[in-house]
Amino acid sequence: MDFNVKKLASDAGVFFSRAMQFTEEKLGQAEKTELDAHFENLMARADCTKNWTEKILRQTEVLLQPNLSARVEEFLYEKLDRKVPSRVTNGELLAQYMTEAANDFGPGTPYGKTLIKVGETQRRLGAAERDFIQSASINFLTPLRNFLEGDWRTITKERRTLQNCRLDLDACKARLKKAKAAEAKAAAEHELRLTQTEFDRQAEVTRLLLEGISSTHVNHLRCLHEFVESQTNYYAQCYQYMLDLQKQLGRFSGTFVGNAESTSPPAAAASPPAAAAATLPAVPTIPVVPTIVGVPSAVAEGVLNPNEVKPPASGTRKARVLYDYEAADSTELALLADEMITVYSLPGMDPDWLIGERGNQKGKVPVTYLELLS
């Protein structure tokens, strides 16, 4: 009991001494031991690393999960050390709605078929998103959190200890200056030597931790490369899925025209994704040539032999290609962005397609990939 009382009294005395020293320093009434410039630079670099790591971590979390309530839920599960329940992605939910709608409308109808195809692609996009989020969380977010919750907490603790050691050291220096009697000076000098040794030891420990920030940067750099790689793979997957979907819908477009079950013309099935199509310039209408001698009837059926097609005497136009386009089969013409081609329409063709010519090459091209010129 007496030991505990003495310890509490000693701790209170130390706290009071540090508080007095800190206050006098702030008022300019006491000298302060300054750390060297290298040490100050290390601390400033560490603070900068901590602040930007926090910002990058938080914004990456927003990027991966824009829904605030979902992020809060995941945070609570993490703090409770419980597994976060699996959540359906927006793409997967959209795929589910499209599939259910197709079953109601009739999976054999043009609209039903398209809903099923688009739904399958949305499901694949949702699965790719899930894989990307998981990869980014493990390879990028986790190392950032580990630094903030591990290394940075240790650095903060040791810096606080160093601050206390410095206050004790400066308080001892002040007591030595005020000591008059020889016995008091001897006691003050002994105490000063002890506090100086403790301060030097703590300064070395803190300095080594601060210099470790360079290793932290190297580790975070590696994690950043992994994050970019996983993001690149994710967007490449999405791009390929959408290209595949475009080709499938492009093949559907010929069968939709004139379908007995359809009471109105279907939407352009071979157009780019809605976000990209919204930015396309208005596409002027190419006049359909009334009659072309020698054009095989198979053109109207969607089967094109480029060798059998001859351009009309009038009605051809120049067009600039807006996007790269990969031909789905031998009846189509592959396109490269920004190239110039000659285009024209034929009787009975799907209005979403034109005949394109580049030198001796001919084939069908989608209208939405073109900017028609006067």
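Please read these numbers as outputs of a predicted model, since none were measured by experiment.

Describing the overall build of the protein chain
Along the backbone of the protein chain there are eight helices and five strands. Reading the helices (α) and strands (β) of the protein chain from amino to carboxyl end gives α-α-α-α-α-α-α-α-β-β-β-β-β. Residues counted as buried form 34% of the 374 residues belonging to the protein chain. Counted over contacts in the protein chain with a minimum sequence separation of 6, partners at least 24 positions apart contribute 70%.

Section: the packing of helix H2 (residues 37–64) against helix H6 (residues 182–211)
Remark: H2 packs on H6, axes separated minimally by 9 Å, with the N-to-C direction vectors making an angle of 50 degrees. Between H2 and H6, the interaxial angle falls into the category oblique. H2 and H6 meet at a crossing whose hand is left-handed. Where H2 approaches H6, its residues His38, Phe39, Leu42, Met43 and Ala46 are matched on the opposing element by Ala203, Thr206, Arg207, Leu210 and Glu211. Of the residues assigned to the contact of H2 with H6, the class counts are six nonpolar, two polar and two charged.

Things to note about the sheet that holds strand E5 (residues 370–372)
The pairing of strands in a sheet comes from backbone hydrogen bonds and takes either a parallel or an antiparallel form. Spatial strand order, E4-E3-E2-E1-E5: five strands in an open sheet with antiparallel pairing. On the outer flanks of this sheet lie strand E4 (361–366) and E5, each paired with one strand and no other. Pairs of neighbouring strands in the sheet enclose a mean axial angle of 40 degrees, with direction left out of account. In this structure, strand E1 (residues 317–321) lies alongside E5, joined through three bridges in antiparallel fashion. By the bridge assignment for E5, valine 321 is matched with leucine 370.

Here we look at H6
Counted at 1.5 Å a residue, the expected span for H6 with its 30 residues is 44 Å, and the 43 Å between its end C-alpha atoms agrees. Taken residue by residue, H6 has Ala188, Leu192, Thr195, Phe199, Gln202, Ala203, Thr206 and Leu210 as its buried positions.

Observations concerning the nonpolar core
Core analysis: the largest hydrophobic core is formed by 31 residues, its most contacted members being Phe39, Phe132, Phe140 and Leu210. With 15 residues, the top contributor of residues to this core is helix H5 (residues 110–178). Of all hydrophobic cores here, the second largest spans 18 residues; its members include Val321, Leu335, Leu346 and Trp353.

Here's the deal with the side chain of serine 230
The topology assignment puts serine 230 in helix H7 (residues 213–256). Taking relative accessible area as the criterion, serine 230 reaches 11% and is therefore assigned buried. Leave out the neighbours within four places in its chain, and serine 230 touches Phe132 and Ser135.

Notes on the packing of aromatic side chains
For the coordinates displayed, the defined rule picks out nine aromatic pairs. Taking 5.8 Å as the distance between ring centres and 80 degrees as the angle between the ring planes, the aromatic pair formed by tyrosine 323 and tyrosine 369 counts as edge-to-face. Taken together, the residues tyrosine 323 in the loop between E1 and strand E2 (340–344) and tyrosine 369 in the loop between E4 and E5 connect sequence positions 46 residues apart. A relative accessible area of 26% places tyrosine 323 in the partly exposed class.

Rules used throughout
Residues numbered from 1 in each chain as written. Predicted model: local features only at pLDDT ≥ 70, side-chain atom pairs only at ≥ 80, totals over all residues. Heavy atoms only, no water. Helix = DSSP H or I, 4+ residues; strand = E, 2+ residues; numbered from the N terminus. Buried < 20%, exposed > 50% of the residue type's maximum accessible area, 1.4 Å probe, protein only. Contact = heavy atoms within 4.5 Å. Axes fitted to C-alpha atoms, helices over the stretch in contact; angles between N-to-C directions. Parallel < 35°, antiparallel > 145°, perpendicular 65-115°, else oblique. Left-handed = near helix turned anticlockwise from the far one by under 90°. Nonpolar A, V, L, I, M, F, W, Y, C, P; charged D, E, K, R; others polar. Pairing = 2+ DSSP bridges. Expected span 1.5 Å × (residues − 1). Core = buried A, V, L, I, M, F, W, Y, C linked by side-chain atoms within 4.5 Å. Phe/Tyr/Trp six-rings, centres within 6.5 Å; stacked < 30°, edge-to-face > 60°.

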